[in-house]
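Descriptive structure summary
Residues per chain, in single letters:
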Amino acid sequence: MAPPGREAWAQRLAAFRAGPAAFMAGAEGEDLGRDLLSDLRSERLSEPAKVSLLALSLEYPAQLWPDAAAAEAAASSLLDALALLPPRPSALRRPLLLAATAVLLAGGALGPASGASCRLLPLLLGLAAGRGVGPASEQRPLQATACECLRELESGRPGLLGGALGLLRSLLGPEGPVQPLSLLLALALRNALVARPGSGAGLQGLLTARGSSPGAAPWDWTLAEAGDAHLRPQAPSWPAAEEGERGLAVREPDPEEARELRAAVAQLLDASYLLTPVAQAQLLWLLGWALRGLRGQPPTLFKPQLVRLLGTAQLSLLHAVLALKAAFGEALFTAQDEALLLHRLTMAAQHPALPLPTHLFYLHCLLSFPENWPLGPEGEEAAPMLLGPPLCRGLMPSVLHDPMALLARLHLLCLLCAEDEGEEKGQVPNPQRYLEELLAGLQQRAALDGGPRALATLCFRASYLVASCLASQPAVLAPLIHGLAQLYRARPVLAPHFVDLLDQVGPELGEPLRVVLWQEVVSRPGSSEALRWHLQMLAKVAEGGPQSTTLSFLQAAAVHCTHWGLQQALLRVCRALLRVGGGAGLADLLQALARRLEDPDGRDHARLYYILLAHLAGPKLGVALGPSLAAPALASALVAENQGFAAALMVQETLAPLRLSVGPYRAKGPLPVLQLQAEALEPVYSVELRFRVEGQLYAPLGAVHVPCLCPGRPARRLLLPLQPRRPAPARLHVQALYTTPAGLTCHAHLPPLPVNFADLFLPFPQPPEGAEQDFFEGLWDSCLPKGAESRVWCPLGPQGLEALVSRHLEPFVVVAQPPTSYHIAICLPPDSMLLLRLAAAQVDGVPVALRTDDWTVLPLVGDYFRGLSEAEGVPGGQVGGSLASEERLKAPVAPVP
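Procedures and definitions
Residues numbered from 1 in each chain as written. Predicted model: local features only at pLDDT ≥ 70, side-chain atom pairs only at ≥ 80, totals over all residues. Heavy atoms only, no water. Helix = DSSP H or I, 4+ residues; strand = E, 2+ residues; numbered from the N terminus. Contact = heavy atoms within 4.5 Å. Axes fitted to C-alpha atoms, helices over the stretch in contact; angles between N-to-C directions. Parallel < 35°, antiparallel > 145°, perpendicular 65-115°, else oblique. Left-handed = near helix turned anticlockwise from the far one by under 90°. Expected span 1.5 Å × (residues − 1). Buried < 20%, exposed > 50% of the residue type's maximum accessible area, 1.4 Å probe, protein only. Arc of directions from axis to C-beta. Salt bridge = Lys/Arg side-chain N within 4 Å of Asp/Glu carboxyl O. Pairing = 2+ DSSP bridges. Disulfide = S-S within 2.5 Å. pLDDT = per-residue confidence, 0-100. Nonpolar A, V, L, I, M, F, W, Y, C, P; charged D, E, K, R; others polar. Phe/Tyr/Trp six-rings, centres within 6.5 Å; stacked < 30°, edge-to-face > 60°. Lys NZ or Arg CZ within 6 Å of the ring centre and 35° of its normal. Core = buried A, V, L, I, M, F, W, Y, C linked by side-chain atoms within 4.5 Å.

The subject of this paragraph is the overall build of the protein chain. Scanning the protein chain for helices and strands turns up 37 helices and 14 strands. A separation threshold of at least 6 residues defines the contact pool for the protein chain, and within that pool the share at least 24 residues apart is 69%.

Once that is clear, we can look at the packing of helix 4 (residues 47-59) against helix 7 (residues 93-106). Where helix 4 contacts helix 7, the two axes come as close as 9 Å, and the packing angle between them is 25°. It follows from the interaxial angle that helix 4 and helix 7 lie roughly parallel. Judged by the sense of rotation from one axis to the other, the crossing of helix 4 with helix 7 is left-handed. Facing Leu54, Ser57 and Leu58 of helix 4, the residues of helix 7 in contact are Pro95, Leu96, Leu98, Ala99 and Ala102.

Compared with an ideal rise of 1.5 Å per residue, which puts twelve residues at 16 Å, helix 28 (residues 547-558) spans 16 Å between its outermost C-alpha atoms and is within 8% of the ideal. Turning to helix 28, its buried residues are Thr550, Leu551, Phe553, Leu554, Ala557 and Ala558. An end-on view of helix 28 places all buried positions within 160° of arc, on one side of the element. The elements touched by buried residues of helix 28 are helix 26 (507-522), helix 27 (531-541), helix 29 (564-579) and helix 30 (584-596).

Once that is clear, we can look at the pattern of salt bridges. A side chain with one charge can pair with a side chain of the opposite charge if their charged atoms come near. Taken as a whole and assessed by the stated rule, the structure comprises 19 salt bridges. The partner of aspartate 80 in a salt bridge is arginine 119, with the nearest N and O atoms 3.0 Å apart. You can see aspartate 80 sitting in helix 6 (residues 68-83) and its partner arginine 119 sitting in helix 8 (residues 115-128), a full 39 residues away along the chain. Residue aspartate 80 is classed as partly exposed on the basis of its relative accessible area of 29%. Judged by its relative accessible area of 37%, arginine 119 is partly exposed. Of the charged contacts, one joins arginine 93 and glutamate 138 as a salt bridge, the two residues approaching to 3.2 Å between their closest N and O atoms.

Spatially, three strands are ordered 2-3-6 in an open sheet, and the strand pairing comes out antiparallel. Edge positions in the sheet fall to strand 2 (658-662) and strand 6 (716-721), since each of these pairs with one other strand and no more. In this sheet, adjacent strand axes meet at a mean angle of 30° when their direction is disregarded. Here five bridges tie strand 2 to strand 3 (residues 673-680), and the two strands are oriented antiparallel to one another. Following the sheet pairing, valine 662 is matched in strand 3 by leucine 676.

Attention shifts here to the sheet that holds strand 7 (residues 730-739). Strand order in the open sheet formed by five strands is 1-8-7-4-5, with mixed pairing between adjacent strands. A single partner strand is all that each edge strand has here, and the edge strands are strand 1 (652-653) and strand 5 (704-709).

Moving on, we get to the state of the cysteines. Two cysteines, two sulfur atoms, one covalent bond between them: this is a disulfide. Counted according to the given criterion, the structure contains zero disulfides. For the unlinked cysteine cysteine 708, the closest cysteine sulfur is that of cysteine 710, found at 3.6 Å.

Residue position: glutamine 675 is located in strand 3. Apart from the residues within four sequence positions on either side, glutamine 675 is in contact with Ser661, Val662, Gly663, Pro664, Arg666, Arg717, Leu718 and Leu719.

Summarising the model, the protein chain shows a mean pLDDT of 80, and 84% of its residues fall at 70 or more. Within the model, the stretch residues 212-217 combines pLDDT values under 50 with seven contacts to residues more than four positions away or in other chains. Long-range and interchain partners of residues 422-427, a stretch whose pLDDT sits below 50, account for four contacts in this model, where long-range means more than four residues apart.

What follows covers the pairing of strand 7. The side-chain alternation of strand 7 yields one buried face, formed by Ala730, Leu732, Val734, Ala736 and Tyr738, and one unburied face, formed by Arg731, His733, Gln735, Leu737 and Thr739. Direction of pairing for strand 4 (residues 684-693) relative to strand 7: antiparallel, over a ladder of seven bridges. Its bridge partner lying in strand 7, valine 693 is registered against leucine 732. With nine bridges joining them, strand 7 and strand 8 (residues 745-755) adopt antiparallel strand pairing. For alanine 736, the partnering residue across the bridge sits in strand 8 and is alanine 748. Here strand 7 folds back onto strand 8, and the loop between the two strands holds five residues, one of which, glycine 743, carries a positive phi near 95°.

Running from N to C, helix 25 (residues 495-504) and helix 27 cross one another at 10°; their axes reach a closest spacing of 9 Å. Classed by the angle they form, the pair helix 25 and helix 27 counts as roughly parallel. Two secondary-structure elements touch here, helix 25 through Ala495, Pro496, Phe498, Val499, Leu502 and Asp503 and helix 27 through Trp533, Gln536, Met537, Lys540 and Val541. Partitioning the contact of helix 25 with helix 27 into residue classes produces eight nonpolar, one polar and two charged.

The tally for this structure, following the rule as stated, stands at eleven aromatic pairs. Consider the rings of phenylalanine 302 and phenylalanine 328, whose centres lie 5.9 Å apart with planes at 35°: the pair is tilted. On the criterion of sequence distance, the pair formed by phenylalanine 302 in the loop between helix 16 (277-292) and helix 17 (303-309) and phenylalanine 328 in helix 18 (residues 315-328) is long-range, its members being 26 residues apart. Its relative accessible area of 0% is what places phenylalanine 302 among the buried residues. With a centroid separation of 5.2 Å and 70° between ring planes, the pair formed by phenylalanine 761 and tyrosine 864 is classed as edge-to-face. Residue phenylalanine 761 is found in the loop between strand 8 and strand 9 (762-763), and its partner tyrosine 864 is found in helix 36 (residues 858-871); the two are separated by 103 residues along the sequence. Among the aromatic residues, ring-to-ring pairing joins Phe757, Phe761, Phe812, Tyr864 and Phe865 into one connected group. The ring of phenylalanine 333 has lysine 325 lying over it, and the distance from NZ or CZ to the ring centre is 5.7 Å. Above the ring of tryptophan 533, the side-chain terminus of arginine 532 is found at 4.1 Å from the ring centroid.

A few words on the nonpolar core. A general trend in soluble globular proteins is that nonpolar side chains are found buried together. One finds Leu535, Met537 and Leu554 to be the most contacted residues of the largest nonpolar core, which totals 200 residues. Broken down by element, this core gets its largest block of residues, twelve residues, from helix 11 (residues 178-199). Residues in contact with methionine 537, not counting those within four places in the same chain, are Tyr488, Ala495, Phe498, Val499, Leu502, Leu517 and Val521. Leu660, Leu676, Leu720 and Leu760 belong to the second-largest nonpolar core, a separate cluster that totals 30 residues.

With that settled, the discussion passes to unusual backbone geometry. A cis amide bond, omega 10°, links leucine 784 with the succeeding residue proline 785. Along the chain, proline 785 falls in the loop between helix 34 (772-782) and strand 10 (788-794). In this structure, proline 830 follows proline 829 across a cis peptide bond, with omega equal to 10°. Among the secondary structure elements, proline 830 is positioned in the loop between strand 12 (821-828) and strand 13 (832-838).

And the structure:
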């Protein structure tokens, strides 16, 4: 079949771009990547059409070739297409290089085992060094593209170019593309500094090596493998201390390494003026990030660049300067530099022609200015020491500013108020007084009847900002609370905004504001037009005052709640009162509402609340009235609420909040007892552990009760008696029933617990002293002719027979003649026995003769000895001799019913 033409490809690409996932899941998606690679070699498509196909592979490499094998094959095909291009100029060389790089990275195929990677890396390094393919007119663009591809590969596998640092450094000159090479060298140098301690590579050797033939030797992946575990691609950031998160360890290079490193950094900085502002900012960030983790390396290398950049008008470069200040502080910036930066930021932020994004950037820099000697604990928000009210006089917020600019300036004003100590000789207005006047102006604008919603939103955002920054200053919060109360009095329609504000602010503002708003609500007449807003507000602040006053307001308002919406708002207030305890007055109100409300849904709600109040104690009532777990959008609000109550009051299935394990077995008593160890992952109370065994092997097991389990405490030991009906191992299925701190009753399934054959071993009663041999011989003779006898060969570990018996069989030894022989008697519940004669140990093991009155335990005995051999460290853990071949039955054995 002929390959699709240009029109067919246009339709396929349009369908793919409309929905890549759906297209790849369809019938044509399977062949899209293969057809794309095939048509790159077709002569029917023009070069512009092929370039559009390559653009698709750059945008969606992970969708076209999702796994490593497909990505490897696709990258090899792209490199083959590049090699087959004629020597004339072609627009495909650069897209092919970019596509091969993107496919290897997106598909996870980049690595030493990838043939395409071993082809692409030397090719890119050769192109970056000027040893390119194609005509001379394309060498400069190809060189820049190769540098960009190498930078992408280095970002994906940090440390990949550590071995090529010397070569890249030698290429940095006037004859090469300065910007791509500079950024590539800076990124490789930063990554090599991080990966070097784990790889053992010497920095001096890496910086001075001059690889003349990049493809002559196999590629060195040592630094890439070390760097991949320590460093991931990062975005520029200038907070102060992030070494712990980014894997940057402080280390001290030797003098030779330090000299070469300073020379490389100086070489990059000397050529940085040729770069674009964004590239210069990236270069400064990379170099500062690298030098910050090297002890004894003063950052004075950046001083000439700072002299050049302190007056820059480029925001990206200003951001880079502040990043260096955050990284090095007073080691690089003097107090005069700091004062100059602050003065410049404040003056620039006041420029009248400044665009809003730039204005906000300058304000953000002032709010997050990295100081040389900050006061207070780390992470505490505060204004810079040198930034006082005189310097910020032109940055005071005004109601005429844009909302975003007003909030940013208000944030700065709040920081100034936090450090203000009053007026300074009457020369500068008090920041706190200015803040009060501004908030009053915002509240007056928000209180305008019929005013825009945006004015009210701005007022509440400003109130939240002030409450967050000045929560510890009652002198500021008091007028704020008074003004908000006046705002609610003027416009009760803003009740949803007040509810949101109360949800967000802390107790410093939230608690007194609740009390003031409660007073404003209960003082309003119940028949006002704003009753719905009063009820919504009261549902949030019902606990702000005496319940009797709230109930009086509700009784007066109930007469005017004539439609469903008002009735539901009234019942929400009753629900809030239930949550804080309720009382006799609330019960009377609910009974009256259950009789008088016109809407049947409201009457049912009131009746349900009364029943809950009359029958549930306070803690359980709080749980039942918590957030509903029912699905939303049900036809009836009562049905949804009932489902929430049922979910709160019924036993719910959850993930297991504890771990249960089997402890060491102790053989004593009439029945085997399993020792369990319980460890809690979260606090649980009244825990009941239920156990179940499939089949009829064991009698029903009783439950184990634990009053309380808390995380961090030693694992609690629990005893579980077993009642086997046959001496056989089993698996216990475990279910936990418990109560959470919130009052919910839950159950969870725990992983099954194993009961091993050895967990059923019990010792016989101790025979009289001196009669041990006769006791054992009597048991030995009683096993036949109804039982079975067998012999097995048990390999021994390096500790010998005596250690094996003492560790595993000590409680069951009847007659011992160490280290030559042991007679062992084991009682198997309910009424079986297992007798062992261990003869003198030989070079590679010990012969074991065994008798039992229950022939069905013979396979279990064989498995038990195999486990002993593995526990003693015998290679392979093999028990010599098969039980089936060694067994000698002394009498016909009838199957056990």
